[in-house]
Amino acid sequence: RTYYGSDSVYKGIEFFAGEAMASLMEVYSLSVVVRVCEYEYEGILCAGTRDQILPAMTRALQFYRSFYEEGDVDVNYNIWQVQAFSRLFLVLRQQAQTGYDNLQENERIASEAANYCLDMCHDIVRSPSWRMLSRGRSFYPNLETVEIACGLDAVMQGARVAFEEKREEDLKLLLRNADNAVDFLCWAQDRVPEDAIVGYGGLGYGG
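Okay, so let's go over this structure. The structure presented is a predicted model; accordingly, all values stated were derived computationally and were not measured. (Residues numbered from 1 in each chain as written. Predicted model: local features only at pLDDT ≥ 70, side-chain atom pairs only at ≥ 80, totals over all residues. Heavy atoms only, no water.)

**Focus: the pattern of salt bridges**
Then comes step 1: Inspection of the entire model under this criterion finds 11 salt bridges.
Then comes step 2: Its salt-bridge partner being Arg-65, residue Asp-119 comes within 2.8 Å of it at the nearest N-O pair. Taken together, the residues span a long stretch of sequence, with Asp-119 in helix α4 (residues 103-125) and Arg-65 in helix α2 (residues 47-69) at a distance of 54 residues.
Then comes step 3: With relative accessibility at 29%, the residue Asp-119 sits in the partly exposed group.
Then comes step 4: With a closest N to O distance of 2.9 Å, Arg-137 and Asp-183 form a salt bridge. Placement of the pair is Arg-137 in the loop between α5 (128-133) and α6 (145-164) and Asp-183 in helix α7 (residues 168-189), with a sequence separation of 46 residues.
Then comes step 5: Judged by its relative accessible area of 28%, Asp-183 is partly exposed.
Then comes step 6: One connected set of salt bridges, linked through shared partners, spans Arg-65, Glu-69 and Asp-119. (Salt bridge = Lys/Arg side-chain N within 4 Å of Asp/Glu carboxyl O. Helix = DSSP H or I, 4+ residues; strand = E, 2+ residues; numbered from the N terminus. Buried < 20%, exposed > 50% of the residue type's maximum accessible area, 1.4 Å probe, protein only.)

Put into structure tokens, the structure is as follows:
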């Protein structure tokens, strides 16, 4: 649960919850790598904290999936939720391959997380901006770089989930849209003149 000037769990739900959970799963993944490699570092995660993360993320999956299914979400919500729960999926898949306990339950949760992520990725690529993106360069001036760049992160996370789940049609769809996004971002980098004092080579065009 995240707080942003309010006790309401719905405050800033489009961004802050997903961002926090994505960061939490990144730290968890780092702690798992450290354990597998048999290195010992102080201060990454204590065992008590690490052991609480996956149960907390499992509860979060139920809450945020239910919120999503109510239909009152936008693309920003989807982007950050994909970032968070694709990481949960990948951790659970990794644990299944290394013989962790609760294999059957972890498989169930991983499958649910995969379906959630891929549903939201479909929403992203069907959004107005991404549909416009697919129509070619003549439509690029109408787009915002920040929306496409952040969406690309989520789409590629979704593509990884689709690959692991052997969902070929989803994988093809997401990779095709990712190619469009990369083309747009390369195009956007060249919109700032080379003699500009700041911004050349960046993603400043349209956001």
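**Some words on unusual backbone geometry**
Then comes step 1: Phi angles above zero are rare outside glycine, and Lys-166 is one such case at about 60°.
Then comes step 2: Inspection of the secondary structure puts Lys-166 in the loop between α6 and α7.
Then comes step 3: Overall, the relative accessible area of 70% leaves Lys-166 in the exposed class.

**A few points about the packing of aromatic side chains**
Then comes step 1: Tallied over the entire structure, the rule returns seven aromatic pairs.
Then comes step 2: Between Tyr-140 and Phe-184, the ring centres sit 5.2 Å apart and the planes meet at 85°, which makes this aromatic pair edge-to-face. Within this pair, whereas Tyr-140 is found in the loop between α5 and α6, its partner Phe-184 is found in helix α7, the two being separated by 44 residues in sequence. Both residues of the pair, Tyr-140 and Phe-184, belong to the buried class. (Phe/Tyr/Trp six-rings, centres within 6.5 Å; stacked < 30°, edge-to-face > 60°.)

**Overview of a negative patch on the surface**
Then comes step 1: Residues Glu-14, Glu-70, Asp-72 and Asp-74 make up a contiguous surface patch of negative charge.
Then comes step 2: A residue is classified by how much of its surface remains accessible, and Glu-14, at 32% relative accessible area, is partly exposed. (Patch = residues over 30% accessible without salt bridge, like charges linked within 9 Å, V, L, I, M, F, W, Y side chains within 5 Å. Areas by Shrake-Rupley, 256 points an atom, 1.4 Å probe, with all protein chains shown as cover. Lys, Arg positive; Asp, Glu negative; His and termini not counted. Charge placed at Lys NZ, Arg CZ, Asp CG, Glu CD.)

**Regarding the environment of Glu-26**
Then comes step 1: Relative to the helices and strands, Glu-26 resides in helix α1 (residues 16-36).
Then comes step 2: Among the residues examined, Glu-26 registers a relative accessible area of 41% and is labelled partly exposed.
Then comes step 3: Between the C-alpha atom of Glu-26 and that of Val-91, which follows or precedes it by 65 residues, the distance is 9.8 Å.

**Remarks on the nonpolar core**
Then comes step 1: Counting 56 residues, the largest nonpolar core has Tyr-64, Phe-85 and Phe-184 as the members making the most contacts within it.
Then comes step 2: Contact partners of Phe-85, with chain neighbours within four places excluded, come to Met-21, Met-57, Ala-60, Leu-61, Tyr-64, Ala-113, Tyr-116 and Cys-117. (Core = buried A, V, L, I, M, F, W, Y, C linked by side-chain atoms within 4.5 Å. Contact = heavy atoms within 4.5 Å.)

**Considerations on the state of the cysteines**
When the sulfur atoms of two cysteines share a covalent bond, that bond is a disulfide.
Then comes step 1: The final tally for this structure, using the stated rule, is zero disulfides.
Then comes step 2: Lacking any disulfide linkage, Cys-121 is separated from the closest cysteine sulfur, that of Cys-117, by 6.6 Å.
Then comes step 3: Take Cys-121: its relative accessible area is 0%, and that puts it in the buried class. (Disulfide = S-S within 2.5 Å.)

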